[in-house]
Amino acid sequence: MSENFVSFLIAIGAFGLFIVCPRMAAMTNLISGNFQFPIYRLVIIGTIASIPLLLVMTWVIERWGLMAGLGFAVLTDFMAALVISSVSMKAALETLVVAIFVVAGNRLATWLSAKLF
């Protein structure tokens, strides 16, 4: 096996593991419960629907950097909260709080890793 192929497999595996994050689990459960939508259908259909948004986020990160990409992600979280608010204001508020913690956590992680390494 070539070194490039092994690197490719590691990168794909790591990305796949990052997609399944605590935030994703929380939002999946929150949306499924509030909309009374089968959770497995939500995961499959939602994943397919998210591909264009992932591509846009990637383009934004490449063009303007990580904070711009996080800004786009927070914008999509605000849009999700707006949509969810028609069903549950509690779920919309939870969505917004999670978005704020994601950005704050990223800034803290960047600061901490710069201090340690």
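Our subject is the structure that appears above.
This one's a predicted model, so the numbers in the text were calculated from it and none came from an experiment.

A.B. asks: Quick question: what am I supposed to make of the packing of aromatic side chains here?
C.D. replies: Working definition: an aromatic ring pair is given by the centre-to-centre distance plus the angle between the planes. Tallied over the entire structure, the rule returns two aromatic pairs. Residues Trp 59 and Trp 64 carry aromatic rings whose centres are separated by 5.2 Å and whose planes lie at 85° to one another, so their mutual orientation is edge-to-face. Here Trp 64 falls in the exposed class, since its relative accessible area comes to 52%.

A.B. asks: What's the story with helix α4 (residues 66–85) in this structure? I'm lost.
C.D. replies: Since the α-helix packs 3.6 residues into each turn, any two residues three or four apart lie on the same face. Between its first and last C-alpha atoms α4 spans 28 Å; for 20 residues at 1.5 Å apiece the expected length is 28 Å, and the two agree. Turning to α4, its buried residues number three or more, namely Gly 69, Leu 70, Phe 72, Val 74, Asp 77, Ala 81 and Ile 84. Elements in contact with the buried residues of α4: α2 (22–35), α3 (39–64) and α5 (89–116).

A.B. asks: Is there a simple way to think about α2 in this case?
C.D. replies: Over its 14 residues, α2 extends 20 Å from the first C-alpha to the last, a length consistent with the 20 Å expected when each residue adds 1.5 Å. For α2, every residue scored as buried is listed here: Met 27, Thr 28, Leu 30 and Ser 32. At its buried positions, α2 is contacted by α3, α4 and α5. Just past α2, the residue Gln 36 takes up positive phi, approximately 50°.

A.B. asks: Just to check I follow, could you spell out a nonpolar patch on the surface for this structure?
C.D. replies: Together, Phe 35, Phe 37, Ile 39, Tyr 40, Val 43, Ile 44, Ile 45, Ile 48, Val 83 and Val 87 make up an exposed nonpolar region whose accessible area comes to about 960 Å². Of all the elements, α3 adds the most residues to the nonpolar patch, at six residues.

A.B. asks: I tried to follow the side chain of Ser 32 on my own but got confused; where do I start?
C.D. replies: Counting through the fold element by element, Ser 32 comes out in helix α2. Using a relative accessible area of 11% as the deciding quantity, one classes Ser 32 as buried. Of the polar contacts made by the side chain of Ser 32, one reaches the backbone oxygen of Phe 37; its length is 2.8 Å. Among all residues touching Ser 32, those that are not within four sequence positions of it are Phe 37, Pro 38, Ile 39 and Leu 42.

Conventions we followed
Residues numbered from 1 in each chain as written. Predicted model: local features only at pLDDT ≥ 70, side-chain atom pairs only at ≥ 80, totals over all residues. Heavy atoms only, no water. Phe/Tyr/Trp six-rings, centres within 6.5 Å; stacked < 30°, edge-to-face > 60°. Buried < 20%, exposed > 50% of the residue type's maximum accessible area, 1.4 Å probe, protein only. Helix = DSSP H or I, 4+ residues; strand = E, 2+ residues; numbered from the N terminus. Expected span 1.5 Å × (residues − 1). Contact = heavy atoms within 4.5 Å. Patch = residues over 30% accessible without salt bridge, like charges linked within 9 Å, V, L, I, M, F, W, Y side chains within 5 Å. Areas by Shrake-Rupley, 256 points an atom, 1.4 Å probe, with all protein chains shown as cover. Salt bridge = Lys/Arg side-chain N within 4 Å of Asp/Glu carboxyl O. Polar contact = N/O pair within 3.5 Å; in protein donor to acceptor, adjacent residues only side chain to side chain.

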